[in-house]
Amino acid sequence: MSLYHEAAEFLQSTPSEGGSLKARVFRRKDLKSPPNQLYALVLETCKWSGVLKEVVERAEILRHERKLTPALSLLLVHDLLLAKGGIALPQSHGLRQSVDRHRGRLSSELTLARVRRKAPTLEALREQVDRAAAGEEAEYPRWVRVNSLRSSVEEQLETTFARFGRAASLQDVMANSSRGGGEARKCVYVDEHVPGLLAVTQGTELTKTEAYTSGKIILQDKASCFPTYLLDPRCEDGDVIDACAAPGNKTTHLAAILHTHAPEFASPAQTIFAFEKDAARARTLEKMVKTAGARGVTRIGPGQDFLQVDPRADKYKDVGALLLDPSCSGSGIVGRDSMPELHLPELLDAANRKTGQTTTTKKKKKKKKNGPTPSTEDAQKHDSNPRKRKHADVEDPSDKILRDDEGNETVVTSEKDLQARLDALSGFQLALLLHAFEFPAARKVTYSTCSVHAEENESVVMLALASDIARRRGWRILRREEQVTGMREWPVRGVAAACGGDEDVAEGCIRSYKGDGRGVMGFFVAGFVRTGDDDDADYDGPQDGTGDVGEGPYVRDEQGVIVRDVAGMPVLKSTGLPVSLEPREADEGDGSHASSSDTSDGSEEDNNDGGDTDDEDEWNGFGD
Ligand SMILES: C[S@@+](CC[C@H](N)C(=O)[O-])C[C@H]1O[C@@H](n2cnc3c(N)ncnc32)[C@H](O)[C@@H]1O
């Protein structure tokens with residue numbers, strides 16, 4: 001089967017058939033075509049389908065080439081007119097000939113489509129198409145962290161961003177981002193909260209710059225910089241742990257901050273221990289650490305489960321600060337892998353050709369089958385804003401897919417499903433946080449997620465504060481007034497109701513919400529500190545009644561993997577039953593809490609073959 005037939009199959013399948021396009025392509029093992037090429041062809045054709053539909057219909061090739069399907073015509077015309085290498089088939093191939101013979105007419109129609117869109121050049125049209133496909137992302141700035149290990153803000157403003165205007169405010173950058181096309185004025189703004197962070201207008205191709213490929217700049221959302229900045233590791237903190245490290249945004253940020261804080265006088269060397277449970281993601285981490293110039297200070301534990309790291313081991317005796325950024329539901333991520341609207345061409349009758357009404361889409365056709373036919377007027381209103389339609393369409397099957405921060409997908413068909421998923425995640429997150437509290441020399445911990453759900457955020461914080469280990473070792477919230485300047489001044493704080501009404505804890509928690517005009521993704525971070533007066537010299541292992549320090553409280557199979565029930569909850573050695581979390585009302589109401597033995601690792605590690613490319617919410621990889 002040719003590349004084009006395989007691509008047509010993907011183009012026509014609905015999103016409900018196995019999740020995002022990326023997941024569907026990379027999961028298939030029986031493909032004849034290279035997955036990367038196939039994915040790019042389908043995605044690009046989909047992006048251009050609004051324009052190409054017009055071109056195909058007006059050139060009437062479906063009328064003349066009866067063997068061409070609407071999907072095949074889009075794919076072939078895309079490559080004929082827009083791909084660098086043209087159609088990837090021999091000249092004598094029937095499919096290629098079926099569009100080649102209309103080349104003249106098709107390229108004139110593309111010119112007319114461009115002129116109708118008031119794009120002076122094909123490049124300008126390309127920008128328009130990219131912008132329309134970017135969806136909600138188009139309304140955000142591009143956040144750029146200048147890596148102090150390799151460069152400085154001053155140097156970057158004078159080189160990479162030399163031709164950018166200096167914006168007076170973040171709002172200026174955002175206004176220019178969403179204006180798009182030729183009107184966008186490229187501009188840059190130096191962020192007032194996170195040191196070394198820049199906001200630049202969207203539509204700027206930064207991944208091809210020297211600064212990016214050499215690790216001088218890192219593309220990282222502002223909110224994703226909060227945890228490391230809040231942890232504020234210093235020389236006196238000793239070694240640092242990044243417990244869940246890939247792809248490495250925060251590991252490299254830690255290295256950069258340690259470098260900035262390094263005292264002029266001789267001081268003991270500091271190490272960042274970066275653990276990553278997933279071996280494939282650990283390779284991305286290694287690559288990022290190397291490119292960012294952080295290899296000297298970082299020791300990576302590839303495939304290492306943080307829960308299996310022994311806090312009492314000699315090599316961790318100087319760990320004073322830990323950063324915990326575990327897997328989460330990813331509900332705060334902006335526009336993850338959303339598929340642009342597909343516009344399939346039709347055979348138009350003479351009347352339609354005259355009016356140029358060319359906007360019928362696959363989705364609308366499906367609706368016709370299932371419900372009342374919308375009026376033409378409604379349909380036109382609807383079509384004038386395809387993005388709005390996508391968001392308003394509650395029947396869109398992709399609405400029922402929960403896509404976490406690693407790109408893994410869970411089909412959620414009810415509130416109960418969602419709650420079960422959040423419970424499993426929060427159990428796992430709490431287990432990791434309590435494990436971080438165990439490190440003997442630890443004085444600082446940050447806990448963060450890119451989720452907006454209180455279950456994964458304030459609730460985890462409250463359970464952690466109420467845990468045995470927190471009480472025994474004196475862990476408490478890092479209060480707002482104790483935080484680094486930028487975080488103290490950040491205005492969006494935790495939800496007091498989710499903190500059982502405790503205003504101090506809520507104020508200590510830092511939140512962000514996508515779409516609130518601050519230009520960042522949805523995020524949560526809280527810091528914990530202890531003075532070290534309360535010590536745990538009498539520590540006698542986890543309080544699970546097993547006394548088993550090395551293996552932990554859960555039943556494991558022969559490979560050492562934790563045994564779980566169908567919901568992902570681990571089975572306790574002590575009872576032989578899966579962990580069940582206490583009901584949240586009780587947790588918040590009477591202050592009772594799950595002990596460290598009542599937690600679970602509910603992570604899902606089904607990394608697809610997209611592997612490294614799935615980390616793109618924060619890091620795009622160095623050119624891969
Ligand atoms: C949210 S991502 C971390 C993003 C990273 N901190 C950054 O800023 O680039 C969570 C990562 O934790 C890893 N992970 C999940 N459970 C883990 C565990 N028990 N030990 C170590 N890594 C784990 C996942 O594979 C995933 O790569």
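All residue numbers refer to positions counted from 1 along the written sequence of the respective chain. Per-residue local features of the predicted model are confined to residues with pLDDT of at least 70, and side-chain atom pairs are confined, for both listing and counting, to 80 or more; whole-chain, interface and lining totals are unaffected and use all residues. The basis for every side-chain value is the complete set of non-hydrogen atoms in the structure, without hydrogens or water.

Chemist: Could you give an account of the overall build of the protein, naming the residues involved and the relevant values?
Modeler: Within the protein, the regular secondary structure consists of 24 helices and 15 strands. When contacts within the protein are restricted to residue pairs at least 6 apart in sequence, long-range pairs at least 24 apart make up 73% of them. Here, Shrake-Rupley sampling with a 1.4 Å probe gives the accessible areas, and only protein chains in the shown set may cover a residue. Of the accessible surface of the protein, which amounts to about 27,000 Å², a share of 50% is contributed by carbon and sulfur atoms. Elements are defined by DSSP. Helices are runs of H or I of four residues or more, strands are runs of E of two residues or more, and each kind is numbered from the N terminus. The contact criterion used throughout is that any non-hydrogen atoms of two residues lie within 4.5 Å.

Chemist: I'd love a proper account of the side chain of Thr446, names of residues and values included.
Modeler: Tracing the backbone shows Thr446 in strand β12 (residues 444–449). If near-sequence neighbours (up to four positions away) are discounted, Thr446 is found in contact with Pro227, Leu230, Leu231, Leu322, Leu323, Leu324, Val525, Ala526 and Gly527.

Chemist: Describe the environment of Ala7, with residues and values.
Modeler: Considering the arrangement of structural elements, one finds Ala7 in helix α1 (residues 3–12). Residues Ala7 and Gln37, spaced 30 residues apart in sequence, show a C-alpha to C-alpha distance of 9.6 Å. The residues touching Ala7, leaving out its near neighbours within four places in the chain, are Leu38, Leu41, Val42 and Leu75.

Chemist: Which residues make up helix α8 (residues 122–134), and what values go with them?
Modeler: Expected span of a helix, by definition, is 1.5 Å for each gap between consecutive residues, and there is one gap fewer than residues. The first and last C-alpha atoms of α8 sit 18 Å apart over 13 residues, in line with the 18 Å expected at 1.5 Å per residue. Relative accessible area decides the class of each residue, using a 1.4 Å probe on protein chains only: under 20% of the type maximum gives buried, over 50% gives exposed, and in between gives partly exposed. For α8, the complete set of buried residues consists of Ala124, Leu125, Val129, Arg131 and Ala133.

Chemist: Lay out the packing of aromatic side chains in plain terms, naming residues and giving numbers.
Modeler: Only centres within 6.5 Å qualify two rings of Phe, Tyr or Trp (six-membered ring in Trp) as a pair; their planes then separate them into stacked at under 30 degrees, edge-to-face at over 60, and tilted for everything else. What the rule picks out here adds up to 10 aromatic pairs. Where Phe437 meets Phe528, the ring centres are 5.2 Å apart and the plane angle is 70 degrees; that geometry is what we call edge-to-face. Of this pair, Phe437 sits in the loop between α19 (415–436) and β12 while Phe528 sits in strand β15 (residues 523–529), and the two are 91 residues apart along the sequence. With a relative accessible area of 1%, Phe528 lands in the buried category. Taken together, the ring pairs connect Phe273, Phe275, Phe306, Tyr316 and Phe439 into an aromatic cluster. Whether a charge lies above a ring is judged from NZ of Lys or CZ of Arg, which has to be within 6 Å of the ring centre and within 35 degrees of the ring normal. In this structure, Arg530 packs its charged tip against the face of Trp475, placed 5.7 Å from the ring centre.

Chemist: Residues and numbers for the pattern of salt bridges, please.
Modeler: The salt bridge definition used is simple: a Lys or Arg side-chain nitrogen within 4 Å of an Asp or Glu carboxyl oxygen. Taken as a whole and assessed by the stated rule, the structure comprises 25 salt bridges. A salt bridge links Asp516 to Arg518; its shortest N-O distance comes to 3.1 Å. What makes Asp516 partly exposed here is its relative accessible area of 30%. In this structure Arg518 comes out as partly exposed when scored by relative accessible area, which is 31%. Among the charged side chains, a network of salt bridges with common partners joins Arg476, Arg479, Glu481 and Glu482.

Chemist: Requested: an account of the environment of Cys244, with residues and values cited.
Modeler: Its place among the elements puts Cys244 in the loop between β6 (239–242) and α13 (249–261). Along the chain, Cys244 and Asp325 lie 81 residues apart, while their C-alpha atoms are 5.8 Å from each other. Setting aside its immediate chain neighbours within four residues, Cys244 contacts Phe275, Glu276, Leu324, Asp325, Pro326 and Leu432.

Chemist: Summarise the side chain of Ser73; cite the residues concerned and give the values.
Modeler: With respect to the secondary-structure elements, Ser73 resides in helix α5 (residues 70–82). Residue classification places Ser73 among the buried positions, given a relative accessible area of 0%. Setting aside anything within four residues of it in sequence, one finds Ser73 in contact with Val56, Ile61, Leu62, Leu68 and Pro345.

Chemist: Residues and numbers for the sheet that holds strand β5 (residues 217–219), please.
Modeler: One requirement defines pairing of two strands: DSSP has to find at least two bridges between them. Pairing in this open sheet of five strands is mixed, and the strands run β2-β3-β4-β1-β5 from one edge to the other. Where the open sheet ends on each side, the last strands, each with one partner, are β2 (165–166) and β5. Two elements, strand β1 (residues 142–146) and β5, share three bridges in a ladder whose sense is antiparallel. Within β5, the position partnered with Val146 by the bridge is Ile217. To obtain an axis, a line is fitted to C-alpha atoms, over the contacting stretch when the element is a helix, and the angle between two such axes runs from 0 to 180 degrees between their N-to-C directions. Along the sheet, α13 contacts β1 and β5; its crossing angle with β1, the most-contacted strand, is approximately 40 degrees.

Chemist: Residues and numbers for the pairing of strand β8 (residues 298–302), please.
Modeler: Alignment of strand β7 (residues 272–276) against β8, held across five bridges, turns out to be parallel. Its bridge partner lying in β8, Ile272 is registered against Thr298. Handedness of the crossover joining β7 and β8 through helix α14 (residues 279–291): right-handed. Here a crossover is taken to be right-handed if, once the strands point away from the viewer, the path from the first strand over the helix to the second is traced clockwise.

Chemist: Describe the UniProt feature "binding site: S-adenosyl-L-methionine" (unreviewed entry) in the protein, naming the residues involved and giving the relevant values.
Modeler: UniProt positions are given in the numbering used here, feature names are shortened, and annotations may be inferred rather than shown by experiment. The UniProt entry lists Cys244, Ala245, Ala246, Pro247, Gly248, Asn249, Lys250, Glu276, Asp305 and Asp325 under the feature "binding site: S-adenosyl-L-methionine" (unreviewed entry), expressed in the numbering used here. Mapped onto the fold, Glu276 is located in strand β7. Its relative accessible area of 8% is what places Glu276 among the buried residues. Beyond its immediate stretch of four places on either side in the chain, Glu276 contacts Cys244, Ala245, Ala246, Arg281, Ala282, Leu285, Gly301, Pro302, Gly303 and Gln304. What qualifies as a polar contact is a pair of N or O atoms within 3.5 Å, subject to a donor-acceptor requirement within protein and to the restriction that residues adjacent in sequence count only when both atoms come from side chains. One polar contact links the side chain of Glu276 to the main-chain amide nitrogen of Ala246, over a distance of 3.1 Å. Along the polypeptide, Asp305 turns up in the loop between β8 and β9 (319–324). A distance of 2.8 Å separates a polar side-chain atom of Asp305 from the backbone nitrogen of Leu307.

Chemist: Before we move on, could you go through the UniProt feature "active site" (unreviewed entry) in the protein and cite the residues and values that matter?
Modeler: In the numbering used here, UniProt assigns the "active site" (unreviewed entry) feature to Cys450. Considering the arrangement of structural elements, one finds Cys450 in the loop between β12 and α20 (458–465). We classify Cys450 as buried; its relative accessible area is 4%.

Chemist: Got a sec to walk through the environment of Asp232? Specific residues and values, please.
Modeler: In this structure, Asp232 sits in the loop between α12 (222–231) and β6. Sequence-wise, Asp232 and Thr446 are 214 residues apart; in three dimensions their C-alpha atoms are separated by 9.8 Å. Leave out the neighbours within four places in its chain, and Asp232 touches Asp237, His261, Lys444 and Val484. Side chain to side chain, Asp232 and Arg234 meet in a polar contact 3.0 Å long.

Chemist: How would you explain the pairing of strand β4 (residues 197–200) if you had to name every residue and give the values?
Modeler: Across the two faces of β4 the burial is the same, with Leu197 and Ala199 and Leu198 and Val200 all buried. In terms of strand pairing, β1 meets β4 through four bridges, oriented antiparallel. From the neighbouring strand, Arg142 faces β4, where its bridge partner is Val200. Relative to β4, strand β3 (residues 187–190) is paired through three bridges, and the arrangement is antiparallel.

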